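# Structural overview for review
Here's the letter readout for the chains.
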Amino acid sequence: MTNTQQTPGSLMRAVRFESFGGPSVLTVADVPVPEPEAGQITVDVTHAGVNFAEVMFRRGQFPVGLPHHPGLEAVGTVRAVGDGVTGFRAGERVAALTLGGGGNAEVVAVGAEHAVRLDGPLAGLDGALAAGALCNVTTALGVLTSAGHLAEGESVVVLAAAGGVGTAAAQLARTLGAGTVIGVTSSPAKAEYARGFGYDSVVSYEDLEREVAERTGGAGADLVLDSVGGAFRSSVTGLLAAFGRHVIFGNAAAEDVTFEGNHPWYTNSSLVGYNLGGVAGRAPGLLRSHLERALAEVAAKTVRVDVRVLPLKDVAHAHELLETRASTGKYVLDVRA
Ligand SMILES: NC(=O)c1ccc[n+]([C@@H]2O[C@H](COP(=O)([O-])OP(=O)(O)OC[C@H]3O[C@@H](n4cnc5c(N)ncnc54)[C@H](OP(=O)(O)O)[C@@H]3O)[C@@H](O)[C@H]2O)c1
């Protein structure tokens, strides 16, 4: 192992929760600095994104071991390189998916396969923007392509259109050749915000059926990106064109519905899922290519990530905004502040 700062036993600040619950269970604690295991690097973090998935972990919707250190993405400089790792040197700028958690901290250990050097065309990429791109833009690419199989000219509906993934999905859908792109939000203010990201129209959940019918000449949507779940999920099949795809990749409502096995047969539709962690485990090469493309799109300004930067200590506030549907765009923590 090579290390820039050999300080065994030293402490760092990290976000942590010791029980499941509301945002107030989040604390910033002093914990030991991690050392890289074989195949890992450690990163001195400057910026760390906040994701809705971390809200779900915090409230116990996806049970994780306690205490848990949240944070699925981080940007900073390589601190130390574990055994067997090639291609990284201490001091290099990197952006990394930290899918095991721990990204909301001053130092995080991460598998080298999930880290990308911010050099070459990525050298000018701002740390907060890179942190904002890692999970959201990678996921938006995955749901549109590998899960949704978006084809040229097809129509796309994006639920939670003003959010981190939603704003990226609208822009990428355009880049990938989509026809009509319709966004859905829970408030007029969020709809107004989302309109800045390339949607043809943004409507309420109540008005979506009429809007899809009008915009597709009654044919229905080819793709619906559904991270919302809840009762609305049952109505999605009714929005789809023949052989349309209902892409399920989240459950913000924390309430699911049941489909019968015969459902796709009876309705000429597909239910298809996307899970970043699952892709990391079962299709690592695909994840890597989406991760690299996501960062490249943001560096090239072909995808705009609207980032609000908060100090690390305000992590609970970011969770609260996400959980109460008061958020737009992406929240990123400045870990040095
Ligand atoms: N499968 C994966 O690998 C993967 C990876 C990344 C993200 N995701 C999922 O993608 C979604 C977007 O993630 P994000 O971090 O960018 O979050 P986000 O979209 O910025 O925030 C979540 C949004 O979900 C909508 N929502 C609908 N019902 C809700 C409810 N009952 N409570 C709270 N929010 C509700 C809200 O938008 P409106 O108020 O406009 O409806 C809210 O703004 C999340 O559901 C997340 O879990 C999945």
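A short tour of the structure in this document, coming up. Given the structure is predicted, the values throughout are model-derived calculations rather than measurements. (Residues numbered from 1 in each chain as written. Predicted model: local features only at pLDDT ≥ 70, side-chain atom pairs only at ≥ 80, totals over all residues. Heavy atoms only, no water.)

## Describing the nonpolar core
Counted only if it meets this: Residues belong to one nonpolar core when they are buried, are Ala, Val, Leu, Ile, Met, Phe, Trp, Tyr or Cys, and are joined through side-chain atoms within 4.5 Å. Relative accessible area decides the class of each residue, using a 1.4 Å probe on protein chains only: under 20% of the type maximum gives buried, over 50% gives exposed, and in between gives partly exposed. Per the convention used, a helix needs a DSSP run of H or I reaching at least four residues, while a strand needs a run of E reaching at least two, with both numbered from the N terminus. For the domain bounds, the source is a domain assignment made automatically or taken from a database. Should any heavy atoms of two residues lie within 4.5 Å, those residues are considered in contact.
Judged by nonpolar contacts, the single largest core of 87 residues is most densely connected at Ile 41, Phe 88, Val 137, Leu 144, Tyr 199, Leu 225 and Leu 295. For this core, the element with the highest residue contribution is helix H2 (residues 127-147), accounting for twelve residues. Lining this core are residues from two domains, each supplying at least three of them: domain 1 (2-117 + 306-334) and domain 2 (137-275). Those residues in contact with Phe 88 that sit more than four places away from it in its chain are Ile 41, Val 78, Val 81, Val 94, Ala 112, Ala 115 and Arg 117. Core analysis: the second largest hydrophobic core is formed by 15 residues, Val 157, Leu 208, Phe 232 and Leu 240 among them.

## Considering unusual backbone geometry
Of the consecutive residues Leu 66 and Pro 67, the connecting peptide bond is found in the cis state with omega at -5 degrees. Tracing the sequence through the fold places Pro 67 in the loop between helix H1 (52-58) and strand S5 (73-81). Here the phi dihedral of Phe 243 falls at roughly 65 degrees; this positive angle occurs in a residue that is not glycine. Judged by relative accessible area, which is 59%, Phe 243 ranks as exposed. Backbone geometry at Arg 325 places phi at a positive 65 degrees, although glycine is not the residue there. Within the fold, Arg 325 resides in the loop between helix H10 (315-323) and strand S16 (330-334).

## With respect to the sheet that holds strand S13 (residues 240-248)
Operational definition: Between any two strands, pairing holds if DSSP finds at least two bridges. Note on method: axes are straight lines fitted to C-alpha atoms, helices fitted across the in-contact stretch only, with angles between N-to-C directions ranging 0 to 180 degrees.
What the six strands build is an open sheet, ordered S11-S10-S9-S12-S13-S14; its pairing is parallel. Here the strands that pair on one side only, and so sit at the sheet edges, are strand S11 (201-204) and strand S14 (270-273). The mean inter-strand angle of the sheet, taken between neighbouring strand axes irrespective of direction, is 20 degrees. Note that strand S10 (residues 181-185) and S11 share four bridges and pair parallel. Its bridge partner lying in S11, Thr 185 is registered against Ser 204. Against the sheet, helix H3 (residues 164-175) touches strand S9 (156-158), S10 and strand S12 (221-226), its axis set at about 175 degrees to S10.

## Digging into the layout of surface pockets
Under the convention used in this document: Within this scheme a cavity is a closed region of a 1 Å grid, computed over the protein atoms alone, that accommodates a 1.4 Å probe without allowing it to escape, whereas a pocket is open but has protein on both sides within 12 Å along at least five of seven lines; lining residues each have an atom within 4 Å of a point. Grid points are joined across faces, edges and corners, and a volume is the space filled by probe spheres set on the points.
Computed from the structure, the second largest pocket encloses a volume of approximately 170 Å³. In terms of lining residues, the second largest pocket is bounded by 14 residues, among which Met 12, Pro 34, His 69, Gly 101 and Gly 102 are the most central. Secondary structure elements with two or more residues in the lining of the second largest pocket: strand S2 (11-16), strand S3 (27-32) and strand S7 (107-111). Among the elements that make up the lining of the second largest pocket, the one with the highest residue count is S7 (three residues).

The values reported here are purely geometric and, on their own, carry no functional implication.
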